[in-house]
Amino acid sequence: MSGIVRSRDGDTAPPLVTWSWGEAVALVVFAYVTGHLVRILVLGDRTSPTARVAERVVLELVWIVVIVAWLRLRRIGWTTAFGRPARSWPEIRDGVVFGSILYGAVALAVALPISWLLGLASDRPRHAPEPLPTALDPLGWALAVVLVLLLAPAAEELLFRGILFGGVRARYGLTPGMVASALAFGLVHYLPGDPLEIVTTVAAATAMGAGLAFQYERRGILVAPLAAHVAFNALGLLILLRA
């Protein structure tokens, strides 16, 4: 049993983890490698801003396909693995509020201080790489919206919270589960650029991953961190569009 707590707003039973932590790690690695291989085969070495967004779309789609195939192969039902809410709306509402708070906490307590310290260390201002290219055509923006608000939250919550956190949490406890899922989540958000600037991106994503794992632990169902992830990304997208 995973030990994940019950939701406060219903009689949701905690998900029953039926896979080992080693199987969870292997699935994460397999999904990551497979996603990048398919991305290379489909898009090759295209470097336009829209192509860069399309690469992420392909990657996240492959992750979802791998996870669905694995669940079917292991004969694991969605509600068994990730919980079923007595009522969905309270979990979505709580997730949106939590994700909005988490965005502010990560920005103010992690991203900004690290950027400031790196600026002091290098004698010039430093900023984290943009999560999305800004010079996008209409197709690129359409893909970006689908990526940020649908594909990325679904794929990443299934893989890093549902599978990885659940597997490690069930075997070793809450703290190792949060650390493992948060670090993996942070590392996959690596963006090429200045080595010092990369630190900000990875640290912020790691903090976000820890917060989302906490939300999963707190609510006992994957819908909650999924809604939080969508809210977090939506705020980031709005700020990017206003910049």
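The coordinates are above.
Note on numbering: residues in each chain are counted from 1, in written sequence order. Per-residue local features are limited, in this predicted model, to residues with pLDDT of at least 70; the limit for side-chain atom pairs, both in listing and counting, is 80 or more; totals at the level of whole chains, interfaces and linings are taken over all residues. Note: side-chain values were computed over all heavy atoms of the structure, leaving out hydrogens and water.

Undergrad: Help me understand the pattern of salt bridges, please; the structure alone is not making it clear to me.
TA: Side chains bearing opposite charge may pair, as long as their charged atoms lie close to each other. A pairing counts as a salt bridge when a side-chain nitrogen of Lys or Arg comes within 4 Å of a carboxyl oxygen of Asp or Glu. Applying the stated rule across the entire model yields 9 salt bridges. One salt bridge connects Glu 157 with Arg 161, and the closest N-O pair in it is separated by 2.6 Å. Here Glu 157 pairs with Arg 161, and both are found in helix H5 (residues 138–172), just 4 residues apart, close to one helical turn. Its salt-bridge partner being Arg 169, residue Glu 217 comes within 3.0 Å of it at the nearest N-O pair. Highlighted residues: Glu 217 in helix H7 (residues 195–219) and Arg 169 in helix H5, separated in sequence by 48 residues. You'll find Glu 217 and Arg 169 in the same group, each marked buried. Under the scheme used here, helices are H or I runs from DSSP no shorter than 4 residues and strands are E runs no shorter than 2 residues, and both carry numbers assigned from the N terminus. When a residue's accessible area, from a 1.4 Å probe over protein chains only, is under 20% of the maximum for its type it is buried; when over 50% it is exposed; and in between it is partly exposed.

Undergrad: Any chance you could explain the layout of surface pockets here in plain terms?
TA: Take a probe with the size of a water molecule and roll it over the atoms, and the empty space left behind shows itself. Approximately 160 Å³ is the volume found for the second largest pocket. Grid spacing is 1 Å over the protein atoms alone, the probe is 1.4 Å, and a cavity is where that probe fits but cannot get out, while a pocket is an open set with protein on both sides within 12 Å along at least five of seven lines and lining residues have an atom within 4 Å of a point. Every residue lining the second largest pocket is listed: Trp 78, Thr 79, Phe 82, Gly 83, Ala 154, Glu 157, Leu 158, Ile 221, Leu 222, Val 223 and Leu 226. Gly falls in the polar group here, along with every residue not listed as nonpolar (Ala, Val, Leu, Ile, Met, Phe, Trp, Tyr, Cys, Pro) or charged (Asp, Glu, Lys, Arg). By residue class, the composition of the lining of the second largest pocket is 8 nonpolar, 2 polar and 1 charged. Grid points are joined across faces, edges and corners, and a volume is the space filled by probe spheres set on the points.

Undergrad: Looking at this structure, I do not really get the packing of helix H1 (residues 21–43) against helix H2 (residues 49–73). What am I missing?
TA: Between two packed helices, both the angle of their axes relative to each other and the distance between the axes serve to describe the pair. Note on method: axes are straight lines fitted to C-alpha atoms, helices fitted across the in-contact stretch only, with angles between N-to-C directions ranging 0 to 180 degrees. Remark: H1 packs on H2, axes separated minimally by 8 Å, with the N-to-C direction vectors making an angle of 140 degrees. Regarding the angle of H1 to H2, the classification is oblique. H1 and H2 meet at a crossing whose hand is right-handed. Residues Glu 23, Leu 27, Phe 30, Ala 31, Tyr 32, Thr 34, Gly 35, His 36, Val 38, Arg 39, Val 42 and Leu 43 of H1 lie in contact with H2, whose contacting residues are Ala 51, Ala 54, Glu 55, Val 58, Leu 59, Val 62, Trp 63, Val 66 and Trp 70. Every angle not falling under 35 degrees, over 145, or within 65 to 115 is termed oblique; those three ranges are roughly parallel, roughly antiparallel and roughly perpendicular. Each crossing gets its handedness from the near helix: less than a right angle anticlockwise from the far helix is left-handed, clockwise is right-handed. Contacts are assigned to residue pairs with any non-hydrogen atoms lying within 4.5 Å of each other.

Undergrad: Honestly, the packing of helix H4 (residues 88–122) against H7 in this entry has me stumped. Any pointers?
TA: For the pair H4 and H7, interaxial distance at closest approach is 9 Å and the crossing angle is 155 degrees. Overall, the two elements H4 and H7 adopt an arrangement that is roughly antiparallel. Like other packed secondary-structure pairs, H4 and H7 cross with a definite hand, here right-handed. A breakdown of the residues in the contact of H4 with H7 according to their chemical character gives 16 nonpolar, 6 polar and 4 charged.

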